[in-house]
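Take a look at the letters that make up each chain.
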Amino acid sequence: MESAINKVYRRSGFLLTPYLQKISEIHLDSTADYDLGEKGSRMQVILFSAIGLLILLIACFNFVNISTALSLRRVKEVSVKKIFGSDRKKIILFFVIESAIAIIISLILAFLLVKILLPVAAHLIGKDLTLTVIRFPVWLLIYVSLFIFCTVFASFYSSFYLSSISPMALLNSINQGRRKQISRNILVTFQYTISIALTICCLVIFSQMQYVKKSDKGFNEKNILLVNLNSKTSQSDNMIKDRFSSIPGVLSVTESAGGTPGLGFTSNGYMAEGVEKPILANALYVDENYLKTMGISIIEGRDFRNLKEEGNKAIINQSFAKLLGWNEPTGKSISRNRIKYEVIGEVKDFNTSSLHNKTEPIFISTTNEWKKYENIIIKYQSSNLQAIIKSCESALKEIDPKAPFEYEILEDSISESYSSDKKLNVLFLVLSVIAIFISSLGLFGLATFATQSRLKEISIRKINGSTISEVFRKFNYELLKWILISFIIAAPVGYWVINKWLNNFAYKTTISVWLLLSSGLLALSVGLLTVSWAALKAAKANPAEVLRKE
């Protein structure tokens, strides 16, 4: 099989390697270019599953944090239960059932919310999504496992710790509260670590998408319209070009075969002067106006316009010249299929495909081996696009009434090639917002409880001359310390994760220190706002009223 497949390719220095693949591996694990069906990404499935579990952990931590914050009150409750004869098993069962009921209600609400938001999520990732629990028992098992995990995790502290204390432990509740405050701060730190890491990923992905949008691709992608030709209309390409050139708003017209800059090309094998082995390079067949229309820069020699010399001429890019070791390629020769081409120029490298891939060697010639062209390329004035499209369709129908009118706008097609990366950015943004929101809810609950439990302390401080701003600073300083620890942990983790993703791009943005600091400042701002809001009421309370109640 290998020898039969490569009978022709081997002469061009290019080999195909056949291999067998399970049908079940096609969707998530295939690395083939032309495979059956739409391919997914196992890495993305694992990534988003992990993020989902981390967000679930944040929610569980919130539950545990609030439980520990309320433990001083529950100590009294547990003590009373024990005094009236409840044993430890009954108290544990009570707390487990209490948590289980809350989680069951949450599960029901979650399923309803998923049912409502599923179409939105499907639109974001561009795939059909269905909620199938009964059809796949494994998912039912996963949901049951998550329910058990969340119930045990959320009720662990209350059921096993509080049930073990004696009624006399109520006298030591202050010291216990201090110890538990440390554990609550550790959980808050973990929550904000996840939130900051997700925010770093989101900001870097957004930065890379801006880099893709603004980077110099080496050719003009704006105001370029591609009209596809079939085997019949390509025979009338010169007539079509003349008709298109006369349309108002059209600045220039050219044609090509082999591929499109930024979207990819076909490849051929070439024999170059002074090189013994065949060289594989992208092939592009054009007319004399192509380089000017596409804005591709000549750095040595000349282009194809006003070409009076006889023979087959070619232009190569910098990558091809570098691969061949040619410092001055003009005047050298390249051969293919017994046709010898004279190199008349060298163009500046331009992106042969997306920024995921490095610029490849490219061979450009007006000698079209295929004897037909694939696209008519139109450079137009941006204000007249719809009128130009209608005029092009009418002109094409006049030449061939049965020809389908198929076109694409180059800038939109290139943008579409990054659609999966953009969807990833949106998903990270949504997940980051959810993570920060849940973390802030927990922090708000803790701050509210902390301020209420410290009303006496705040009142005494105010009587001794402390202002509201000083009370605010004390609360915010404690928060600043833990968020700073979160940032120190999250920054290297987030950097490592998102740098793995950036490695998918041959051309990528740099992860600046300011970008990392921005994620920390965002988390800090949200945290300060949350604590300040919770502390405002306590700070404004009348000290006399508070101490009278004490």
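Please read these numbers as outputs of a predicted model, since none were measured by experiment. (Residues numbered from 1 in each chain as written. Predicted model: local features only at pLDDT ≥ 70, side-chain atom pairs only at ≥ 80, totals over all residues. Heavy atoms only, no water.)

1. Section: the overall build of the protein chain
And then number 1: Per the secondary structure count, the protein chain includes 17 helices and 12 strands.
And then number 2: Put simply, the protein chain has 550 residues, and 41% of those count as buried.
And then number 3: Of the contacts formed within the protein chain by residues at least 6 apart in sequence, a portion of 77% connects residues at least 24 apart. (Helix = DSSP H or I, 4+ residues; strand = E, 2+ residues; numbered from the N terminus. Buried < 20%, exposed > 50% of the residue type's maximum accessible area, 1.4 Å probe, protein only. Contact = heavy atoms within 4.5 Å.)

2. Digging into the side chain of Gln208
And then number 1: Along the chain, the position of Gln208 falls in helix α7 (residues 173–214).
And then number 2: Residue Gln208 is classed as buried on the basis of its relative accessible area of 0%.
And then number 3: Once residues within four sequence positions are removed from consideration, Gln208 is found in contact with Trp501, Leu502, Phe505, Tyr507, Lys508 and Thr509.

3. A few points about the environment of Gly331
And then number 1: The residue Gly331 is located in the loop between α10 (318–324) and β8 (333–336) in this model.
And then number 2: Gly331 sits in the partly exposed class, given a relative accessible area of 48%.
And then number 3: A sequence separation of 18 residues divides Gly331 from Lys313, and the C-alpha atoms of the two residues are 9.9 Å apart.
And then number 4: Not counting chain neighbours up to four residues away, the residues in contact with Gly331 comprise Glu342 and Val343.

4. Details of the packing of aromatic side chains
And then number 1: Counting across every chain of the model gives seven aromatic pairs.
And then number 2: Look at Phe405 and Tyr407: their rings are 5.5 Å apart centre to centre, the planes differ by 40°, and that puts the pair in the tilted class.
And then number 3: The class for Phe405 is buried, based on a relative accessible area of 16%.
And then number 4: Here Tyr407 falls in the partly exposed class, since its relative accessible area comes to 38%.
And then number 5: Among the aromatic residues, those joined into a ring-pair cluster are Tyr270, Phe320, Tyr341 and Phe363.
And then number 6: One cation-aromatic arrangement involves Arg336 over Tyr270; the distance from NZ or CZ to the ring centre is 5.8 Å. (Phe/Tyr/Trp six-rings, centres within 6.5 Å; stacked < 30°, edge-to-face > 60°. Lys NZ or Arg CZ within 6 Å of the ring centre and 35° of its normal.)

5. Side note on a nonpolar patch on the surface
And then number 1: Together, Leu93, Ile97, Ile101, Ile104, Ile105, Ile108, Leu109 and Leu112 make up a nonpolar patch on the protein surface, roughly 750 Å² of accessible area in all.
And then number 2: Within the secondary structure layout, Leu93 lies in helix α5 (residues 88–125). (Patch = residues over 30% accessible without salt bridge, like charges linked within 9 Å, V, L, I, M, F, W, Y side chains within 5 Å. Areas by Shrake-Rupley, 256 points an atom, 1.4 Å probe, with all protein chains shown as cover. Salt bridge = Lys/Arg side-chain N within 4 Å of Asp/Glu carboxyl O.)

6. Concerning helix α8 (residues 237–245)
Side chains that are three or four residues apart share a direction in an α-helix, a result of its 3.6 residues per turn.
And then number 1: For α8, the set of buried residues is Asp237, Ile240, Lys241 and Phe244. Axial view of α8: buried residues confined to an arc of 100°, hence all on one face.
And then number 2: Tucked into the core, α8 has its buried residues touching β1 (224–228), β2 (250–257), β11 (375–380) and α11 (385–399). (Arc of directions from axis to C-beta.)

7. A look at α11
And then number 1: Under the 1.5 Å per step criterion, the end-to-end length of α11 is 21 Å for 15 residues, consistent within 8% with the ideal 21 Å.
And then number 2: For α11, the full list of buried residues reads Leu385, Ile388, Ile389, Cys392, Ala395 and Leu396. End-on view of α11: buried residues confined to an arc of 130°, all on one side of the axis. Away from its buried face, by an angle of more than 90 degrees, α11 presents the exposed residues Gln386, Lys390 and Glu398.
And then number 3: In this fold, the buried residues of α11 make contact with β1, α8, β2, β11 and β12 (407–409). (Expected span 1.5 Å × (residues − 1).)

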